[in-house]
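# Survey of secondary and tertiary structure
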Amino acid sequence: MSTECLKCGRPLDPEDRFCGVCGTPRPRLQDDDPTGVVVAPEVDTGPIPVVEGLSGLTRGMSVIVVQRGPEIGQRFELSGSRLTVGRSADNDVMLDDVTVSRHHAEFVADGDQWTLMDKGSLNGSYVNRKSIERHVLTSGDLIQIGKFRLQFLHAEEDHLPE
């Protein structure tokens, strides 16, 4: 059976469990339907959740918090001028999964702001469910790199817990 991604239309190979372009889960056959009717997977279209991760941060500090993936709950502080992300051990943030390219993306500092830049990865980088090549981040942005979901948080004085 030839199957296409329900979201972007990319042809899927028989062994694909999700779309390599947009990450949408593969359609599956209805178990009890001999006609081969395809059931669409549930697509998350609700509001983007905000992780409570500002505790312990000082004013001006930025972090990414893993929301989904094997490292769930782990925080990475964004410091210096550049932070690399990928599957290879030589990255500042290593996300060990085949859905992540060896050198997938990087966070680049520009004054008080951070920009996420895709490094030509196979599966792309997404911010707030939109494919990006370059995106200036704001606190609360949801980042998807492979099967990992990360949230960018920047501690402003008016957002810090008492």
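None of these values were measured; they are calculated from a predicted model.

### Considerations on the overall build of the protein
- Looking only at helices and strands, one finds zero helices and 15 strands in the protein.
- In the protein, which comprises 162 residues, the proportion classed as buried is 40%.
- A separation threshold of at least 6 residues defines the contact pool for the protein, and within that pool the share at least 24 residues apart is 37%.
- For the protein, the exposed area adds up to about 9,700 Å²; of that, 48% sits on carbon and sulfur atoms.

### Some words on unusual backbone geometry
- Non-glycine residue Asn128 carries a positive phi angle of around 50°.
- Structurally, Asn128 is set in the loop between strand E11 (125-127) and strand E12 (130-132).
- For Asn128, a relative accessible area of 26% puts it in the partly exposed group.

### Let's talk about the sheet that holds strand E14 (residues 142-145)
- Taking strand neighbours across the sheet as the criterion, the six strands line up as E6-E5-E15-E14-E11-E12 in an open arrangement whose pairing is antiparallel. Across the chains shown, the open sheet's two edge strands, defined by having one partner strand only, are strand E6 (75-78) and E12. Each adjacent strand pair in this sheet contributes to an overall mean axis angle of 30°, direction not counted.
- Both E11 and E12 contribute to a ladder of three bridges, which runs antiparallel.

### Structural notes on the confidence of the model for the protein
- In the predicted model, the protein carries a mean pLDDT of 79, and the fraction of residues at 70 or more is 70%.
- Within the protein, the element-level pLDDT minimum falls on strand E4 (residues 38-39), averaging 44, and the maximum on strand E13 (residues 134-136), averaging 97.
- Taken as a whole, residues 30-48 scores under 50 in pLDDT and shows 24 contacts with residues more than four places along the chain or in a different chain.
- Every residue in residues 158-162 scores below 50 in pLDDT, and together they form eight contacts with partners more than four places removed in sequence or on other chains.

### Considering the side chain of Ser62
- Following the sequence through the fold, Ser62 ends up in strand E5 (residues 62-68).
- Relative accessible area serves as the criterion here: at 1%, Ser62 is assigned to the buried category.
- Within the local environment of Ser62, its side chain forms a polar contact with the side chain of His154, the two groups lying 2.6 Å apart.
- Once residues lying within four places of it in the same chain are set aside, the contact partners of Ser62 are Phe76, Glu77, Leu78, Trp114, Phe152, Leu153 and His154.

### Brief notes about the nonpolar core
- Core analysis: the largest hydrophobic core is formed by 21 residues, its most contacted members being Ile64, Leu95, Phe107, Leu116, Leu137, Ile143 and Ile145.
- Of all the secondary structure elements, the ones that give two or more residues to this core are E5, E6, strand E7 (82-86), strand E9 (105-110), strand E10 (113-118), E14 and strand E15 (148-154).
- Ranked by residue count, the leading element in this core is E15, at three residues.
- Once residues within four sequence positions are removed from consideration, Ile143 is found in contact with Ile64, Phe107, Leu116, Tyr126, Val127, Leu137, Phe148, Arg149, Leu150 and Phe152.

### Here's the deal with the environment of Glu77
- Along the polypeptide, Glu77 turns up in strand E6.
- For Glu77, a relative accessible area of 44% puts it in the partly exposed group.
- Here the alpha-carbon distance between Glu77 and His154, two residues 77 residues apart in the chain, equals 10.0 Å.
- Apart from residues no more than four positions distant in its own chain, Glu77 is found in contact with Met61, Ser62, Val63 and Leu83.

Cut-offs used in this document
Residues numbered from 1 in each chain as written. Predicted model: local features only at pLDDT ≥ 70, side-chain atom pairs only at ≥ 80, totals over all residues. Heavy atoms only, no water. Helix = DSSP H or I, 4+ residues; strand = E, 2+ residues; numbered from the N terminus. Buried < 20%, exposed > 50% of the residue type's maximum accessible area, 1.4 Å probe, protein only. Contact = heavy atoms within 4.5 Å. Areas by Shrake-Rupley, 256 points an atom, 1.4 Å probe, with all protein chains shown as cover. Pairing = 2+ DSSP bridges. Axes fitted to C-alpha atoms, helices over the stretch in contact; angles between N-to-C directions. pLDDT = per-residue confidence, 0-100. Polar contact = N/O pair within 3.5 Å; in protein donor to acceptor, adjacent residues only side chain to side chain. Core = buried A, V, L, I, M, F, W, Y, C linked by side-chain atoms within 4.5 Å.

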